[in-house]
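Working through the structure, step by step
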Amino acid sequence: MDKSTIVCRCEEINIDEIETAIKYGAKTFDDIKRLTRCGMGPCQAKICIGPVNEIIANNTGKQLKDIPLTRMRIPVKPIKMKVLVTDIEDSSIASVFAESVDEDGDNR
């Protein structure tokens with residue numbers, strides 16, 4: 001493939017940028033992500049993780065199975081500013097570790 005071929009469509013990262021990141025010491029997809037923003041777009045690496053891992057394998061001599069999976073983040077739920085700036089005890093915000101709370105404030 002040509003070095004200018006786009007691998008991450010969301011962030012418009014090409015092969016050359018990924019290979020440059022590898023030359024600077026990147027060994028995993030997360031390293032590539034930190035240096036280039038590859039995988040940080042709307043698809044959250046669903047499209048580019050495979051090709052990027054292949055580029056890592058080709059440039060480092062590692063097997064694909066030896067390249068660790070990327071860290072996945074849990075989806076974020078937006079909250080209203082009113083909840084942040086007021087002292088509301090009974091809000092619809094639940095702890096990440098607690099059960100979820102529906103719109104009526106009831107635990108599910």
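It should be emphasised that the depicted structure is a prediction, and the values quoted were computed from it without experimental measurement.

Looking at the secondary structure, you find T28 in the loop between α1 (15-23) and α2 (29-36). Apart from the residues lying within four places of it in its own chain, the contact partners of T28 are I56 and P68.

A few words on the nonpolar core. Counting 18 residues, the largest nonpolar core has V7, I18, I32, C38, C48 and V52 as its most contacted members. Contributions of two or more residues to this core are made by β1 (6-8), α1, α2 and α3 (49-60). Ignoring anything within four residues of it in the chain, the contact list for V52 reads V7, I18, F29, I32 and C38.

Owing to its 3.6 residues per turn, the α-helix aligns residues three or four sequence positions apart on the same side. Among all positions in α2, only F29, D30, I32, K33 and T36 are buried. Here the buried residues of α2 occupy an arc of 155 degrees about the axis, which is enough to place them on one side. Residues of α2 that are exposed and angled more than 90 degrees away from the buried face: R34 and L35. Buried-residue contacts for α2 involve β2 (13-14), α1 and α3.

Rules of the game
- Residues numbered from 1 in each chain as written.
- Predicted model: local features only at pLDDT ≥ 70, side-chain atom pairs only at ≥ 80, totals over all residues.
- Heavy atoms only, no water.
- Helix = DSSP H or I, 4+ residues; strand = E, 2+ residues; numbered from the N terminus.
- Contact = heavy atoms within 4.5 Å.
- Core = buried A, V, L, I, M, F, W, Y, C linked by side-chain atoms within 4.5 Å.
- Buried < 20%, exposed > 50% of the residue type's maximum accessible area, 1.4 Å probe, protein only.
- Arc of directions from axis to C-beta.

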